[in-house]
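Summary of the model geometry
Here is what each chain is made of, one letter per residue.
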Amino acid sequence: MHLRHWLLLVVTQSVWSGSYIAMKLAGQEMPVGLIVFLRYGLATALLLCAAPWNGLPRLQRRDWLLVIALGALNFTLAPTLQITGLKHTQAIDVSVLIALEPMMTVALAALALGERPSSLTLGALLLGTSGMLILSGAGFADMAAGSSNRLFGNSLFTISLLCEAAVTVGGARLASRYAPSHSVLGMKAAGFLAAAAFFSPVILSADLGAFSWNAWASVIYLAVLPSVFGYTVWYRVIKVVPVNHVALSLFVQPIVGSAIGYTFLGETIGYETAAGAFLVCASLAWWQSRSLRTKPQA
């Protein structure tokens, strides 16, 4: 992998780490549905501005239904779960939990093919799930002092990762037939329209002038950097770099996310956070190192 690819991936993972802070800040003032609607509405508009260069999606009729379903799952349901979860947990926690997604994706891919996930993947997921429980404070003496809410928030975020993994597996047909820019534009537009339909009462009743510049800046950040820049860089890199190597860049998120959460939100890094984060990251490192020695993981 060239140095420029590593630099692009480090920047992208750092941008995604910042998205958890932005979601948490926006969620303190704005309704969840409004954030999702504004984020993907603006992202869709920006991607449409690039249409003269990238072109508009020209998909077969039977694939549009798949695009709509995956878009609603990945760009309506998943961010709704994430923002709701962040109301109950720390941005530090979710920047660590993102390490579970590659293993979830490989496990779902195996199930989609009618196969049993490998013992390596199942073992790594079990280790990572144990880390999530410890990260959430389960089993610690302060469980009654708010850790149950933290566990709820982390569980919602973990479910959102399962949604994203399902979209990755389900979108394999799109990836093999169309340019990534076309598929992503179609799915983001579908997510935006699904949010508009599902959250219409919240959107119509919202007083847009009541929100601070911090909230608006957070929404703009979410739309421009993670949703447009991040996806664009990610798909360009995985065209030329093996996915197993790209997944190594995920270790940037726990580091950057913890630093940002601690510095800007005053979040705590206690014993349970450190122990849980170690287990989650160790599960990815173990799974990744063993996978690289055997066969490439899709």
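Definitions and limits used
- Residues numbered from 1 in each chain as written.
- Predicted model: local features only at pLDDT ≥ 70, side-chain atom pairs only at ≥ 80, totals over all residues.
- Heavy atoms only, no water.
- pLDDT = per-residue confidence, 0-100.
- Contact = heavy atoms within 4.5 Å.
- Phe/Tyr/Trp six-rings, centres within 6.5 Å; stacked < 30°, edge-to-face > 60°.
- Helix = DSSP H or I, 4+ residues; strand = E, 2+ residues; numbered from the N terminus.
- Buried < 20%, exposed > 50% of the residue type's maximum accessible area, 1.4 Å probe, protein only.
- Lys NZ or Arg CZ within 6 Å of the ring centre and 35° of its normal.

1. Quick notes on the confidence of the model for the chain
In this model, the chain carries an average pLDDT of 90, and 94% of its residues clear a pLDDT of 70 or more. Between residues 141-145, whose pLDDT stays under 50, and residues either more than four places distant or in other chains, the model counts 7 contacts.

2. Focus: the packing of aromatic side chains
Within this structure, the stated rule accounts for 9 aromatic pairs. With a centroid separation of 6.2 Å and 80 degrees between ring planes, the pair formed by Trp 16 and Tyr 231 is classed as edge-to-face. Of this pair, Trp 16 sits in helix 1 (residues 3-27) while Tyr 231 sits in helix 12 (residues 213-238); the two residues are 215 residues apart in sequence, bridging distant segments of the chain. When its relative accessible area of 15% is taken as the criterion, Trp 16 is described as buried. With centroids separated by 4.9 Å and ring planes inclined at 90 degrees, the aromatic side chains of Phe 198 and Phe 199 adopt a geometry described as edge-to-face. Phe 198 gets classed as exposed once you look at its relative accessible area, which sits at 64%. Grouped by ring-pair contacts, the aromatic residues Trp 16, Tyr 40, Phe 75, Tyr 231, Trp 234 and Tyr 235 constitute a single cluster. Between the NZ or CZ atom of Lys 188 and the centre of the ring of Tyr 231, over which it lies, the distance is 4.1 Å.

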